[in-house]
Amino acid sequence: MHTTTTIRDFRAARAGLDTLGFVPTMGFLHEGHLSLVRQAKRECGTAAVSIFVNPAQFGPNEDLARYPRDLNHDLALLGEAGADLVFMPGVEEIYPPGYRTYVTVEGLTERLESAIRPGHFRGVATVVCKLLNIVQAEKAYFGQKDAQQCMVIDQMARDLAIPTAIVIAPTVREPDGLAMSSRNVYLSPEDRRAATVLIRALHAAEQAHNAGERDAERLREIVRGVLASEPRGQPDYVSCADPLTLQELDAVGQQGALLSLAVRFGTTRLLDKALLGGIQPSALSPQPSALSL
Ligand code: PAF
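Attention in this report is confined to the structure presented alongside it. This is a predicted model, so every value here is computed, not measured. (Residues numbered from 1 in each chain as written. Predicted model: local features only at pLDDT ≥ 70, side-chain atom pairs only at ≥ 80, totals over all residues. Heavy atoms only, no water.)

## Examining the overall build of the protein chain
Counting its secondary structure elements, the protein chain contains 11 helices and nine strands. Taken over C-alpha atoms, the radius of gyration comes to 19 Å for the protein chain, in line with the 19 Å a tight globule of 293 residues would show. Along the three orthogonal principal directions, the C-alpha set of the protein chain runs to about 55 × 45 × 40 Å. Within the protein chain, buried positions represent 54% of all 293 residues. Expressed as a percentage of contacts within the protein chain between residues at least 6 apart in sequence, the contacts between residues at least 24 apart total 73%. Of the accessible surface of the protein chain, which amounts to about 13100 Å², a share of 50% is contributed by carbon and sulfur atoms. Considering the protein chain, the positive charge centre built from 29 side chains and the negative charge centre built from 34 side chains are found 2 Å apart. (Helix = DSSP H or I, 4+ residues; strand = E, 2+ residues; numbered from the N terminus. Rg over C-alpha atoms; globule rule 2.2 N^0.38 Å. Buried < 20%, exposed > 50% of the residue type's maximum accessible area, 1.4 Å probe, protein only. Contact = heavy atoms within 4.5 Å. Areas by Shrake-Rupley, 256 points an atom, 1.4 Å probe, with all protein chains shown as cover. Lys, Arg positive; Asp, Glu negative; His and termini not counted. Charge placed at Lys NZ, Arg CZ, Asp CG, Glu CD.)

Structural data, given as structure tokens:
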């Protein structure tokens, strides 16, 4: 496994490789990341991973300074997962003095996470665009838990004709259903136990949808009702939105719905989502939607 901190060295190492799959991360890796690395390796033959805690996607009062880091453990896990190349740039390698270019994906970055974390997706789109330019992979892999992020990246890659296919992989969960996230480590034992309320809330709405409920506000109410049963969690939002535009729905139609939520446990925010209904990507768009892959 080749590790490097510079763009120049990464490009030299990449030049000797054929088909490459790429997994961008912020480190503190868990099974969700590792399953993406194994998928990249399986599908492309060679896997590259970046570890970069991107300051541009953190707001001034967010957890940039205390974001969990454990580089040695990450590298050991990546070795076991079969990664070939690991890019671990410092902040000045990505944003050198005089850096001025940012990527904004309009229309998908005004609601949900963006309403709570202004500027977050500008930072994500910018760093992912730059990393895709550096890595020049055939495919790049992202976890579907961060549903809005997946949509933003997929849209950006299509709009800017980035020649890397964006692959969205299913959410990897703990045995009790909590979606894996590097931030789960912040949870106290009591909050960790209480956090299963997210998947319970989503399941309740999924069941109602399967039983024929199509009223989007009723589905949101079902989610809010289950969340209210757990006083340790404070919901930031509960959304039942169009899976292609993220506009809140009145009714779930043929296009299905993206049901998503964010809940605070103390200072830790947890996200999760469920897709309701069968989405027929070819009927909706010449390009499959990121979320339907
Ligand atoms: O999902 C993440 O870990 C980050 O947002 C990403 C895609 C690596 C960009 O910094």
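## A short note on the environment of Arg 232
Within the fold, Arg 232 resides in the loop between helix 10 (216-228) and strand 7 (233-241). Sequence separation of Arg 232 and Phe 265 is 33 residues, and the distance between their C-alpha atoms is 6.1 Å. Here Arg 232 is in contact with Ser 188, Glu 190, Asp 191, Ala 194, Arg 264 and Phe 265, once residues within four sequence places are set aside. In this structure the side chain of Arg 232 is engaged in a polar contact, spanning 2.6 Å, whose partner is the side chain of Asp 191. (Polar contact = N/O pair within 3.5 Å; in protein donor to acceptor, adjacent residues only side chain to side chain.)

## Quick look at the packing of aromatic side chains
Enumeration according to the criterion identifies five aromatic pairs in this entry. Consider the rings of Phe 10 and Phe 87, whose centres lie 5.3 Å apart with planes at 50 degrees: the pair is tilted. On the criterion of sequence distance, the pair formed by Phe 10 in helix 1 (residues 7-15) and Phe 87 in strand 4 (residues 85-87) is long-range, its members being 77 residues apart. Phe 10 gets classed as buried once you look at its relative accessible area, which sits at 1%. (Phe/Tyr/Trp six-rings, centres within 6.5 Å; stacked < 30°, edge-to-face > 60°.)

## A word on the packing of helix 1 against helix 6 (residues 120-135)
Between helix 1 and helix 6, whose axes approach to 9 Å, the crossing angle comes to 45 degrees. Taken together, the axis directions place helix 1 and helix 6 in an arrangement best described as oblique. Across the interface between the two elements, Ile 7, Phe 10, Arg 11 and Arg 14 of helix 1 pack against Lys 130, Asn 133, Ile 134 and Val 135 of helix 6. (Axes fitted to C-alpha atoms, helices over the stretch in contact; angles between N-to-C directions. Parallel < 35°, antiparallel > 145°, perpendicular 65-115°, else oblique.)

## Regarding helix 10
Taking 1.5 Å of rise per residue, 13 residues should cover 18 Å, and helix 10 covers 18 Å from first to last C-alpha, within 8% of that figure. Those residues of helix 10 not exposed but buried are Ala 216, Leu 219, Arg 220, Ile 222, Val 223, Val 226 and Leu 227. Looking straight down helix 10, one finds its buried side chains confined to an arc of 155 degrees; they lie on one side. As for helix 10, its buried residues are in contact with helix 9 (197-210), strand 7, strand 8 (257-265) and strand 9 (268-276). You can read the cap of helix 10 off the contacts: a side-chain oxygen lies 2.9 Å from the backbone nitrogen of Glu 217, and it is on Asp 215. (Expected span 1.5 Å × (residues − 1). Arc of directions from axis to C-beta.)

## Examining the sheet that holds strand 3 (residues 46-51)
In space, the six strands of this open sheet follow the order 1-4-3-2-5-6, with parallel pairing throughout. If you trace the sheet from one side to the other, it starts and ends with strand 1 (2-4) and strand 6 (165-169), each paired once. If you compare each strand with its neighbour and ignore which way they point, the axes differ by 25 degrees on average. Here three bridges tie strand 3 to strand 4, and the two strands are oriented parallel to one another. (Pairing = 2+ DSSP bridges.)

## Focus on the site of the ligand
The environment of the ligand is made up of Pro 24, Thr 25, Met 26, Asn 54, Gln 57, Val 127, Val 128 and Gln 149. A distance of 2.6 Å is found between an oxygen atom of the ligand and a side-chain nitrogen or oxygen belonging to Gln 57. At 2.8 Å, a side-chain N or O of Gln 149 approaches an oxygen atom of the ligand. Relative to its unbound accessible surface of 290 Å², the ligand loses 87% to contact with the protein. Elements with a minimum of two residues in the shell around the ligand: strand 2 (20-25) and helix 6. Residue composition of the shell around the ligand, grouped by class: four nonpolar, four polar and no charged. (Near = heavy atom within 4 Å. Nonpolar A, V, L, I, M, F, W, Y, C, P; charged D, E, K, R; others polar.)

## Re the pattern of salt bridges
Pairing between side chains of opposite charge can happen when their charged atoms approach one another. For the structure on display, the rule yields 18 salt bridges. Members of the salt-bridge network, linked through shared partners, are Glu 113, Asp 236, Arg 264 and Arg 269. (Salt bridge = Lys/Arg side-chain N within 4 Å of Asp/Glu carboxyl O.)

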